[in-house]
Amino acid sequence: MSTQPPSDTPEAQPAGEQTGDVQLQRRICIPSPGEIIISSLTGNSYVMGNRIGEGNFSYVHQCIDDWDNRLAAKILKPLGRTYEVVKEKATAEMKTLFALRHPYVTYLFDAFEYKDTFYIIQEKCDFPIDTFFTWKDTNLWLWVRPVARCLLQALHFLHLNGFVHQDVHSGNVLSATVQDELMPHGNQVVVFKLGDLGVSKLLADVSLSNTRANWTLPPEIYDAAEFGRVDHRVDIYHAALLLLQIAYSRELRFTKEQVMDGVPRKLAEQIPGPLGSALGRALRRHVASRTSDAMALWRDLRNIEESPKSLMLWSKSLNVLPAVGGDPE
């Protein structure tokens, strides 16, 4: 979910329900700060806060429930669709989220319809990984292993259940803190969560036309005949691409030509030791030659030393590398 600062102005948008020859107009009502929303599923009430994000298909508001949990309410946009179409999409997403509850997936607390508006209530995370790239003078490669352990467990769970996320990127992997109940204002534990499962698909439904971030497209999207059909290994490529950016301590964007030429893999192979080798295998252009699954990638990464001298020396040379996304050769 993106965190673009939107307006907090309450709004209502129409979504029609066709019944025979009669068009019943229903209005999607965006809540105002302080408004109380009641779940028809759990009976919990939620005090809505300001809007904190907006994606292509939803608004996100902060909220607090009866248990004093600080949460995020995802509110589906109608986008000119009929009420029934919006309801069908909401129901499908809710079923997916309930089926894929996992410690390293943003936790689903509740999902319901309230006044013709569809709400998905999830844990509120602190910030997406792309915030890392705004930090100055930080050796982010130290974060590769902690992020990988959480992210790859989540992907392994999705794949075991027949799902493919297909849109893993730095905006969809989030930092979250676990509160200490005895000392709620003291030090907290940081974990990483995979979010935005709204575009996740069953493996049988994954296709070239599915929704994905344009800047993360792997080679098989551009040329399936050459590089192989799209399957769960699109998530392996995306995860490795994210870890590559963390290793380089910067956001990397690649053109179609650079992706087709294997520039991400070439950049990975410049990293010394097992980290470079592991990411290089996961970023291979041909699907059949790529790291087979999330657990295999983790096995390649788990023995990375915390602060190997070779990586320390390599990280000091990053300021002389080519421009972001540039071909190293």
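Definitions and limits used
Residues numbered from 1 in each chain as written. Predicted model: local features only at pLDDT ≥ 70, side-chain atom pairs only at ≥ 80, totals over all residues. Heavy atoms only, no water. Helix = DSSP H or I, 4+ residues; strand = E, 2+ residues; numbered from the N terminus. Buried < 20%, exposed > 50% of the residue type's maximum accessible area, 1.4 Å probe, protein only. Contact = heavy atoms within 4.5 Å. Areas by Shrake-Rupley, 256 points an atom, 1.4 Å probe, with all protein chains shown as cover. Core = buried A, V, L, I, M, F, W, Y, C linked by side-chain atoms within 4.5 Å. Axes fitted to C-alpha atoms, helices over the stretch in contact; angles between N-to-C directions. Parallel < 35°, antiparallel > 145°, perpendicular 65-115°, else oblique. Left-handed = near helix turned anticlockwise from the far one by under 90°. Nonpolar A, V, L, I, M, F, W, Y, C, P; charged D, E, K, R; others polar. Pairing = 2+ DSSP bridges. pLDDT = per-residue confidence, 0-100. Expected span 1.5 Å × (residues − 1). Arc of directions from axis to C-beta.

Caption draft 1: View of the overall build of the protein chain. Scanning the protein chain from N- to C-terminus turns up ten helices and 13 strands. The buried share of the protein chain, taken over its 329 residues, is 48%. Long-range pairs, those at least 24 residues apart, make up 61% of the contacts in the protein chain with a sequence separation of at least 6. Of the roughly 15800 Å² that the protein chain leaves accessible, carbon and sulfur atoms contribute 51%.

Caption draft 2: Focus on the nonpolar core. L152, L194, L244, I271, L275 and L301 are the most contacted members of the largest nonpolar core, which has 67 residues in total. With eleven residues, the single largest contributor to this core is helix 5 (residues 233-248). Sequence-distant contacts of L244, that is, excluding residues within four places in its chain, are made with L252, F254, P264, L267, A268, I271, L279 and L283. Formed by 14 residues, the second largest nonpolar core is a distinct cluster that contains I37, A73, Y114 and Y119.

Caption draft 3: The side chain of S200, seen in detail. Among the secondary structure elements, S200 is positioned in the loop between strand 12 (189-194) and strand 13 (201-202). Judged by relative accessible area, S200 falls into the buried class, the value being 8%. In this structure S200 touches L158, V164 and H165, once residues within four positions along its chain are discounted.

Caption draft 4: Region of interest: the packing of helix 8 (residues 273-282) against helix 9 (residues 294-301). Two numbers describe how helix 8 lies on helix 9: the axes approach to 9 Å, and their chain directions differ by 160°. By the criterion of interaxial angle, the relationship of helix 8 to helix 9 is roughly antiparallel. Crossing angle aside, the handedness with which helix 8 passes helix 9 is right-handed. For the pair helix 8 and helix 9, contact is made by L275, A278, R281 and A282 and by L297, D300 and L301, respectively. Class assignment of the residues belonging to the contact of helix 8 with helix 9 gives a composition of five nonpolar, no polar and two charged.

Caption draft 5: Up close: the sheet that holds strand 11 (residues 173-178). Here three strands make up an open sheet; going across it, the order is 9-11-12 and the pairing antiparallel. Lying at the two open borders of the sheet, with one neighbouring strand each, are strand 9 (127-128) and strand 12.

Caption draft 6: Up close: the side chain of S175. Tracing the sequence through the fold places S175 in strand 11. Not counting the four nearest positions on each side in its chain, S175 is found in contact with C125, D126, F127, V190, V191 and F192.

Caption draft 7: The arrangement of the sheet that holds strand 7 (residues 108-114) in detail. Pairing is antiparallel across the open sheet formed by six strands, whose spatial order is 3-4-5-6-8-7. With one partner strand each, in any of the chains shown, strand 3 (36-38) and strand 7 form the two edges of the open sheet. Going across the sheet, the axis of each strand differs from the next one's by a mean of 35°, ignoring polarity. By the bridge criterion, seven bridges tie strand 5 (residues 58-65) to strand 6 (residues 70-76) in an arrangement that is antiparallel.

Caption draft 8: A look at the confidence of the model for the protein chain. Averaged over every residue, the pLDDT of the protein chain is 84; residues scoring 70 or more account for 84%. This model gives residues 14-24 a pLDDT under 50, and the stretch forms 28 contacts once residues within four places in sequence are excluded.

Caption draft 9: A look at helix 2 (residues 144-160). Given a rise of 1.5 Å per residue, 17 residues ought to cover 24 Å, and the 23 Å separating the end C-alpha atoms of helix 2 matches this to within 8%. For helix 2, every residue scored as buried is listed here: V144, V147, A148, C150, L151, L152, A154, L155, L158 and H159.

Caption draft 10: Quick peek at helix 1 (residues 83-99). Over its 17 residues, helix 1 extends 24 Å from the first C-alpha to the last, a length consistent with the 24 Å expected when each residue adds 1.5 Å. Every buried residue belonging to helix 1 is among Y83, V86, A90, E93, M94, T96 and L97, and all of these are buried. Along helix 1, the residues classed as buried sweep out an arc of 160° about the axis, all on the same side. When the buried face of helix 1 is taken as reference, the exposed residues oriented beyond 90 degrees from it are E88 and K95.

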